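Coordinate inspection notes
Listed below are the residues making up each chain.
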Amino acid sequence: MLRAGCRAALSRRPPGSAPRRGAGGAGAGGTGAGGSGAGEERLKQTPLDALHRARGGRMVPFAGWSLPLHYGQGHLQSHLHTRRHCSLFDVSHMLQTLVYGRDRIRFMESLVVGDIAELKPGQGTLTLLTNDKGGITDDLIVTNTSEDHLYVVSNAACADKDLAILRDRAAQLQATGSDVHLEVSDNALLALQGPSMARVLQAGLSDDLAKLSFMNSISTTVFGVPGCRVTRCGYTGEDGVEISVPAARAVELAEQLLGVPNVWLAGLAARDSLRLEAGLCLYGNDIDETVTPAEAGLMWTLGKRRRVAMDFPGAAVIMAQVKEKPRRRRVGLTSVGPAIRPHMAILGPEGRPVGTVTSGCPSPCLGKNIAMGYVEAAHSRAGTELTVEVRKKQHPAVITKMPFVPTQYYMAK
């Protein structure tokens, strides 16, 4: 039940969209999961593909890639191990883009809502790529590196459209004499997450991790592998890092990390339930081009200067929503009983639909169901009692503040 609930949450469909009949391609819950037929042959593979298979990874299709859903120990144990110790995730499917040129800040700020100009060298931020209607095209991490370029990490499912947007905008600016150019990195990307991360990684670094705060980044050598970028961030709510490593040496680095006692490999199932406990959005489920930052509760990503200037795509729509208050809001839900799954209806006290679930699965840490969804603003206050329709029966649910499990992001003293 636990694994099935989280596999359902991994199915990527826009909030409020109709189910795609027979669709099994992009999501980890696709019907072709684990097979070795023609469908899997068309999937892209990360540099760690053979390692995953050798270590018992159950490979499934996800956003056009073949990735591990879980390993022999199963999803529940993998999730809890990450919370208690440390796990290694292969996130090499993410798009990594480098932005160069003296006009790189202006270029990036013409596309996203964040204040990129205020980032110090080595500092990064979560930001949103928006469209002219105020919808969220993708959520990105943009880092102002100390090496005179921006390092941008995008979601794999959005890679093609993001890259097209970036290239089109770069071409527009270049045509007017601006200095900006892009380079797509072919590095692998490994995420080491959990409370023992710092102890494990520090053994392979000359840099002092105690000085590296959440959302900060360094270029360094990791366990003898040069040319790595270590960013203190992640998608689990735990203290963690993402390591961009040259593809040719990714397996070497992964095996070094896995050679440390109590470092396990973890897959998509644990990654999804961990991020949901931390209250983090999954693009395609909880946010998409029909959802604005105001509705999603992501207005904190808008820099103060950017709000005043209103010089990002969709600014007029977004700022009008802030002033008038959005009609719907993203909320957390908890319940007991049958698991809450994406696309289930959320009902008000009178049995009228007031919203829709966008992500949901049983929480391994809390022992109850957790979910995320959108409800009418009048029903969005924490503590509000609603119901969720599960298999045509109504089950009680309560609006609950997120994160469901406290985050452990590290800030240097």
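All figures in this text were calculated on a predicted structure; none of them were measured in a lab. Residue numbers restart at each chain and count upward from 1, following the sequence in its written direction. Where totals are concerned, whole chains, interfaces and linings use all residues; where local detail is concerned, this predicted model gives features only for residues with pLDDT of at least 70, and gives and counts side-chain atom pairs only at 80 or more. With hydrogens and water excluded, all non-hydrogen atoms of the structure serve as input to the side-chain values.

1. Thoughts on the overall build of the protein chain
Note the threshold: Each helix corresponds to a stretch of at least 4 residues labelled H or I by DSSP, and each strand to a stretch of at least 2 residues labelled E; elements are numbered beginning at the N terminus. For the radius of gyration, the atom set is restricted to C-alpha positions; the globular benchmark scales as 2.2 Å times the number of residues to the power 0.38. Whether a residue is buried, partly exposed or exposed follows from its accessible area with a 1.4 Å probe, protein chains only, as a fraction of its type maximum: under 20%, in between, or over 50%, in that order. It only takes one pair of heavy atoms within 4.5 Å for two residues to be counted as in contact. When charges are counted, neither His nor the chain ends are considered; positive counts come from Lys and Arg and negative counts from Asp and Glu. Every charge is mapped onto a representative atom, which is NZ of Lys, CZ of Arg, CG of Asp or CD of Glu.
Helix and strand counts for the protein chain stand at 12 helices and 20 strands. In terms of overall dimensions, the protein chain is globule-like: its C-alpha atoms have a radius of gyration of 21 Å, near the 22 Å expected for 413 residues. Dimensions along the principal axes, computed over C-alpha positions, put the protein chain at roughly 60 × 50 × 50 Å. Per-residue burial for the protein chain yields a buried fraction of 58% across its 413 residues. Counting contacts in the protein chain only where the partners sit at least 6 residues apart, residues at least 24 apart contribute 67% of the total. Distance from the positive charge centre (47 side chains) to the negative charge centre (38 side chains) of the protein chain: 6 Å.

2. Quick word on the sheet that holds strand 3 (residues 65–68)
Quick note on the threshold: Any two strands are treated as partners once DSSP identifies two or more bridges connecting them.
One open sheet holds the three strands; their spatial order is 1-3-2, and the pairing between them is mixed. A single partner strand is all that each edge strand has here, and the edge strands are strand 1 (44–45) and strand 2 (59–62). Across four bridges, the pairing between strand 2 and strand 3 is antiparallel. Bridging across to strand 3, Phe-62 finds its partner in Trp-65.

3. Describing the environment of Glu-109
Where we set the bar: Each polar contact in these results corresponds to two N or O atoms within 3.5 Å; when the atoms are within protein, one needs to be able to donate a hydrogen and the other to accept it, and residues that are neighboring in sequence are counted only if both atoms are side-chain atoms.
Considering the arrangement of structural elements, one finds Glu-109 in helix 5 (residues 104–109). A sequence separation of 156 residues divides Glu-109 from Leu-265, and the C-alpha atoms of the two residues are 36 Å apart. Setting aside residues up to four positions removed in sequence, Glu-109 forms contacts with Gly-114, Asp-115, Ile-116, Ala-117, Arg-305, Arg-306, Asp-311 and Phe-312. A distance of 2.9 Å separates a polar side-chain atom of Glu-109 from the backbone nitrogen of Ile-116.

4. Section: the sheet that holds strand 9 (residues 181–184)
The cut-off we apply is this: Think of each axis as a best-fit line through the C-alpha atoms, taken over the contacting stretch in the case of a helix, with angles from 0 to 180 degrees between the N-to-C directions.
Read from one edge of the open sheet, five strands run 6-7-8-5-9, paired in antiparallel fashion. At either margin of the open sheet sits one strand with a lone partner, and together these are strand 6 (123–130) and strand 9. Strand-to-strand, the axes of this sheet are offset by a mean angle of 25°, without reference to chain direction.

5. Points about the pairing of strand 7 (residues 136–144)
Burial analysis of strand 7 places nine of its nine residues in the buried class, which makes it a mostly covered element. Bridging between strand 6 and strand 7 involves eight bridges; their strand directions are antiparallel. Along strand 7, the bridge assignment pairs Thr-130 with Ile-136. If you look at the hairpin formed by strand 6 and strand 7, you'll find five residues sitting between the two strands, and Gly-134 has a positive phi there, around 85°. In terms of strand pairing, strand 7 meets strand 8 (residues 150–154) through four bridges, oriented antiparallel. Note that in strand 8 the partner of Asn-144 across the bridge is Leu-150.

6. Observations concerning the environment of Phe-214
Within the element layout of this structure, Phe-214 appears in the loop between helix 7 (197–202) and strand 11 (217–222). C-alpha separation for the pair Phe-214 and Tyr-409, spaced 195 residues apart in sequence, amounts to 6.0 Å. Sequence-distant contacts of Phe-214, that is, excluding residues within four places in its chain, are made with Arg-232, Cys-233, Tyr-409, Tyr-410 and Met-411.

7. Description of helix 8 (residues 250–258)
Our working definition: What the arc describes is the spread of directions from the helix axis to the C-beta atoms.
Within the span of helix 8, buried status applies to Ala-250, Leu-253, Ala-254, Leu-257 and Leu-258. For helix 8, the buried positions fall inside an angular range of 130° around the axis, keeping them on one side.

8. Some words on the layout of surface pockets
Quick reminder of the rule: Within this scheme a cavity is a closed region of a 1 Å grid, computed over the protein atoms alone, that accommodates a 1.4 Å probe without allowing it to escape, whereas a pocket is open but has protein on both sides within 12 Å along at least five of seven lines; lining residues each have an atom within 4 Å of a point. Grid points are joined across faces, edges and corners, and a volume is the space filled by probe spheres set on the points. Amino acids are sorted into nonpolar (Ala, Val, Leu, Ile, Met, Phe, Trp, Tyr, Cys and Pro), charged (Asp, Glu, Lys and Arg) and polar (every other residue, Gly among them).
Estimated volume of the largest pocket: approximately 850 Å³. Lining the largest pocket are 39 residues, and of these Leu-126, Asp-139, Gly-234, Tyr-235 and Leu-280 lie nearest its centre. Top contributing element to the lining of the largest pocket by residue count: strand 6, with five residues. Looking at the lining of the largest pocket residue by residue, the classes come out as 23 nonpolar, nine polar and seven charged. There is about 260 Å³ of room inside the second largest pocket. Considering each element in turn, the lining of the second largest pocket owes the most residues, three residues, to helix 6 (residues 159–175). Its residues assigned to classes, the lining of the second largest pocket comprises eight nonpolar, seven polar and three charged.

9. Quick look at the confidence of the model for the protein chain
Keep this limit in mind: What pLDDT reports is the predictor's confidence in each residue, on a scale of 0 through 100.
Of the residues in the protein chain, 90% have a pLDDT of 70 or more, and the chain-wide mean is 91. Here residues 1–39 scores under 50 on pLDDT; set against residues more than four positions off or in separate chains, the count is 92 contacts.

10. So, the packing of aromatic side chains
We count it as follows: Only centres within 6.5 Å qualify two rings of Phe, Tyr or Trp (six-membered ring in Trp) as a pair; their planes then separate them into stacked at under 30 degrees, edge-to-face at over 60, and tilted for everything else. Should the NZ of a Lys or the CZ of an Arg lie within 6 Å of a ring centre and within 35 degrees of the ring normal, that charge is described as sitting over the ring.
Following the criterion strictly, the structure yields one aromatic pair and no others. Residues Phe-214 and Tyr-409 carry aromatic rings whose centres are separated by 4.2 Å and whose planes lie at 15° to one another, so their mutual orientation is stacked. On the criterion of sequence distance, the pair formed by Phe-214 in the loop between helix 7 and strand 11 and Tyr-409 in the segment after strand 20 (393–400) is long-range, its members being 195 residues apart. Looking at Phe-214, the relative accessible area reads 23%, which means it is partly exposed. Seen from the ring of Tyr-151, Arg-229 lies directly overhead, with NZ or CZ sitting 5.9 Å from the centre. The side chain of Arg-328 reaches across the aromatic face of Tyr-374, ending 5.0 Å from its centre.

11. Here we look at the nonpolar core
We count it as follows: Only buried residues count toward a nonpolar core. Its members are Ala, Val, Leu, Ile, Met, Phe, Trp, Tyr and Cys residues joined through side-chain atoms within 4.5 Å.
In this structure, Leu-192, Leu-201, Ile-243 and Leu-253 are the most contacted members of the largest nonpolar core, which totals 30 residues. For this core, the elements supplying multiple residues, two or more each, are strand 4 (86–90), strand 10 (188–193), helix 7, strand 12 (225–231), strand 13 (240–245), helix 8 and strand 14 (263–266). Looking at which element gives the most residues to this core, the answer is helix 8, with five residues. Sequence-distant contacts of Leu-192, that is, excluding residues within four places in its chain, are made with Cys-86, Ser-87, Leu-88, Met-197, Val-200, Leu-201, Asp-239, Gly-240, Val-241, Leu-257 and Val-263. Judged by nonpolar contacts, the second largest core, of 23 residues, contains Ala-294, Cys-361, Met-372 and Phe-404.

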